[in-house]
Amino acid sequence: MQINLRELGSLRRNGTPMGITSVCSAHPVVLRAALRYGKATSTTVLIEATCNQVNHQGGYTGMKPADFAAMVYRLADEENCPHEQVALGGDHLGPNPWRHMSPEAAMAEAETMVAAYVEAGFRKIHLDASMGCLNEPAALDDTTTAHRAARLAAAAEAAVRKVGGQLPVYVIGTEVPPPGGADHVLTTIEPTGADAARQTIDIHRKVFAEAGLSDAFSRAIGLVVQPGVEFGNSNIIFYDSSKAGLLSQILISEPQFVFEAHSTDYQGTAVLNQLVNDGFPILKVGPELTFVLREALYALDAIASDFSVAYGDRPLFAAMEALMSDQPANWNRHYHGNNDELRVLRHYSLSDRIRYYWSTPEAQTAVERLFAVLRGQRLPLPLFWQHLPSAGQFADIPLDPEAVLIWRVTKTLSAYQNACGLQQWSPTV
């Protein structure tokens, strides 16, 4: 079934809680897997881009919002997934990419970005103006944050009036630590306090009303809080429902809201389902999807090395190690340790910063060489048992390497769909 984001709260209140997976990735294979899943199950495919990843200046992907939307809809057409099943969201939309600038200059850029998202068809908008800009504290107080969020909402409302179409829904608030996983080993994460969450809602409601944006605020469906989940480079903090009881009770007096849970990667179906039942039905996942994509690519790299002497000894791994060593900007502030520890983290960190490199020409060339060696080959079952044991169904048939990647990503998506109370699906070989 398709999920209407504005119905998530009422579903829970009616005793039939359901959730939705928010796919936070720009990798075409991940997006293709999500769209194929949506087509097979007739479910909503929620795909989100972040302010650093995609913005009006291009972001680190080089894509503007219209470019990202065009890519998603092109993939949807290729997968025969109806456009009406696709929902596009903008995550952490605010001045974060321009924090080095004055507050006014950064906010002007953020307003332009939000308008570009809405004009491109994004209708789930996370307003996040909580970060300080030049000469400001790193984290801002609720009142300042709310005033800046209202400015961004006004830009979104003006944009939708300009282009027409469905009115956007909003998510407010942010979570600590920042998205994408922590940089150090974590032992515990405390959930957001109930009073703090209530204050965030109250102040935003007041500020939006004063700005003449009460109608926009009526479409605020979600509040980002910290449920007590996170992952570091090599460990995971799992959700503890007993610690979030007071937080969940807020939703009784604020029926228009649900909680949006960030960094739910690696939690597993049972834990994710508990989050949905406790009022966190929007489950955001990103690094886990590209982590398992990398897992499958490296397994195929090892299989190809064992299968073909001419292919060599794990050349994909070697190419990625050379690339990340030569261009360390995307990982060197986040990974720490001796040379051996850094090498492991470059490839196997749960934060999966290798995902920033798959779109480079060097990586694409290495992946295509891998695919060329394996495409159409009939690989014996023992090779899969050795390197990717659960993929035995791909043995002894002409191999489509991309199908292996989509299958592996789909396994993770299926865990989320199961947790959300939606139909599961496994691709056939």
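Here's the deal with the sheet that holds strand β6 (residues 220-224)
Read around the closed barrel, the eight strands follow the order β1-β2-β3-β4-β5-β6-β9-β10; overall the barrel is parallel. With strand direction ignored, the average angle separating the axes of adjacent strands in the sheet is 25°. Packing against the sheet, helix α2 (residues 28-41) makes contact with β1 (20-23), β2 (45-50) and β3 (86-93), and its axis sits at approximately 155° to β2.

Regarding the packing of aromatic side chains
Under the criterion given, the structure shown has 14 aromatic pairs. Ring plane angle 90° and centroid distance 5.7 Å describe the contact between Tyr266 and Phe291, whose orientation is recorded as edge-to-face. Of this pair, Tyr266 sits in the loop between β9 (258-261) and α9 (269-277) while Phe291 sits in helix α10 (residues 287-307), and the two are 25 residues apart along the sequence. Overall, the relative accessible area of 12% leaves Tyr266 in the buried class. By way of ring pairs, the aromatic residues Phe68, Tyr117 and Phe122 are connected into one cluster. Above the plane of the ring of Phe291 lies Arg294, whose end atom (NZ or CZ) is 4.7 Å from the centre. The lysine or arginine in question, Arg314, covers the ring of Tyr298, its NZ or CZ lying 5.7 Å from the ring centre.

With respect to helix α6 (residues 194-210)
The terminal C-alpha atoms of α6 lie 25 Å apart, and with 17 residues this matches the ideal 24 Å at 1.5 Å per residue to within 8%. Of the residues making up α6, those classed as buried are Ala194, Ala197, Thr200, Ile201, Ile203, His204, Val207 and Phe208. The positive-phi residue at the C-terminal boundary of α6 is Gly212, with phi of around 75°.

Structural notes on the nonpolar core
Phe68 and Leu316 are the most contacted members of the largest nonpolar core, which totals 144 residues. Those residues within four positions of Phe68 in sequence are excluded, and the remaining contacts are Ser25, Ala26, Ile47, Glu48, Ala49, Val54, Met63 and Phe122.

Some remarks on the packing of helix α11 (residues 315-326) against helix α12 (residues 339-348)
At their nearest, the axes of α11 and α12 sit 11 Å apart, and the two run at 110° to each other. Between α11 and α12, the angle is such that the two are roughly perpendicular. In this structure, α11 uses Phe317, Met320, Glu321, Met324 and Ser325 to contact α12, whose residues at the interface are Arg343, Arg346, His347 and Tyr348. Looking at the contact of α11 with α12, its residues break down into four nonpolar, two polar and three charged.

Digging into the confidence of the model for the chain
Per-chain confidence: the chain averages 95 in pLDDT, with 97% of residues scoring 70 or above. In the predicted structure, residues 177-181 sits below a pLDDT of 50 and forms 12 contacts with residues beyond four places in sequence or in another chain.

A word on unusual backbone geometry
Positive phi, normally seen in glycine, also occurs at Asn80, with a value near 55°. Relative to the elements of secondary structure, Asn80 occurs in the loop between α3 (65-78) and β3. Of note, Tyr266 is a non-glycine position whose phi angle comes to about 70°, a positive value.

A word on the pattern of salt bridges
Enumeration according to the criterion identifies 22 salt bridges in this entry. In this structure, Lys206 engages Glu210 in a salt bridge whose closest nitrogen and oxygen atoms are separated by 2.6 Å. Here Glu210 and Lys206 lie together in helix α6, a separation of four residues that amounts to about one turn. Classification of Lys206 as exposed rests on a relative accessible area of 52%. On the accessibility criterion, Glu210 (54% relative accessible area) is exposed. Each of Arg32, Arg36, Arg74, Glu78 and Glu79 takes part in salt bridges that share partners, so that together they form one network.

A closer look at α11
For α11, with 12 residues, the first-to-last C-alpha span of 16 Å sits near the 16 Å given by 1.5 Å per residue. Three or more residues of α11 are buried, namely Pro315, Leu316, Phe317, Met320, Glu321, Leu323 and Met324. Those residues of α11 that are buried lie in contact with α10, α12 and α13 (361-374).

Section: the environment of Glu190
Mapped onto the secondary structure, Glu190 falls in the loop between β5 (169-172) and α6. Glu190 sits in the exposed class, given a relative accessible area of 53%. Spatially, the C-alpha atom of Glu190 lies 8.9 Å from that of Ala244, the residues being 54 residues apart in sequence. For Glu190, the contacting residues outside a window of four places in its chain are Gln226 and Lys243.

Considering the state of the cysteines
Linking two cysteines covalently through their sulfur atoms gives a disulfide. Going through the model one piece at a time under the given rule, you end up with zero disulfides. Of the cysteine sulfurs around Cys81, a residue in no disulfide, the closest is that of Cys420, at 16 Å. Here Cys420 is not cross-linked by a disulfide; its sulfur's nearest cysteine counterpart is in Cys24, at 13 Å.

Overview of the pairing of β1
Within a regular beta strand, the side chains point alternately toward one face of the sheet and then the other, so they alternate between its two faces. Here β1 shows no split at all, with Ile20 and Ser22 on one side and Thr21 and Val23 on the other all buried. The pairing of β1 with strand β10 (residues 282-285) spans four bridges and is classified as parallel. Note on β10: the bridge partner recorded for Thr21 is Leu283. As paired strands, β1 and β2 are joined by two bridges and run parallel to one another. In the strand pairing of β2, Ser22 is matched with Leu46. Viewed along the sheet, the connection from β1 through α2 into β2 turns out right-handed.

About the criteria used
- Residues numbered from 1 in each chain as written.
- Predicted model: local features only at pLDDT ≥ 70, side-chain atom pairs only at ≥ 80, totals over all residues.
- Heavy atoms only, no water.
- Pairing = 2+ DSSP bridges.
- Helix = DSSP H or I, 4+ residues; strand = E, 2+ residues; numbered from the N terminus.
- Axes fitted to C-alpha atoms, helices over the stretch in contact; angles between N-to-C directions.
- Contact = heavy atoms within 4.5 Å.
- Phe/Tyr/Trp six-rings, centres within 6.5 Å; stacked < 30°, edge-to-face > 60°.
- Buried < 20%, exposed > 50% of the residue type's maximum accessible area, 1.4 Å probe, protein only.
- Lys NZ or Arg CZ within 6 Å of the ring centre and 35° of its normal.
- Expected span 1.5 Å × (residues − 1).
- Core = buried A, V, L, I, M, F, W, Y, C linked by side-chain atoms within 4.5 Å.
- Parallel < 35°, antiparallel > 145°, perpendicular 65-115°, else oblique.
- Nonpolar A, V, L, I, M, F, W, Y, C, P; charged D, E, K, R; others polar.
- pLDDT = per-residue confidence, 0-100.
- Salt bridge = Lys/Arg side-chain N within 4 Å of Asp/Glu carboxyl O.
- Disulfide = S-S within 2.5 Å.
- Right-handed = clockwise from strand over helix to strand, strands pointing away.

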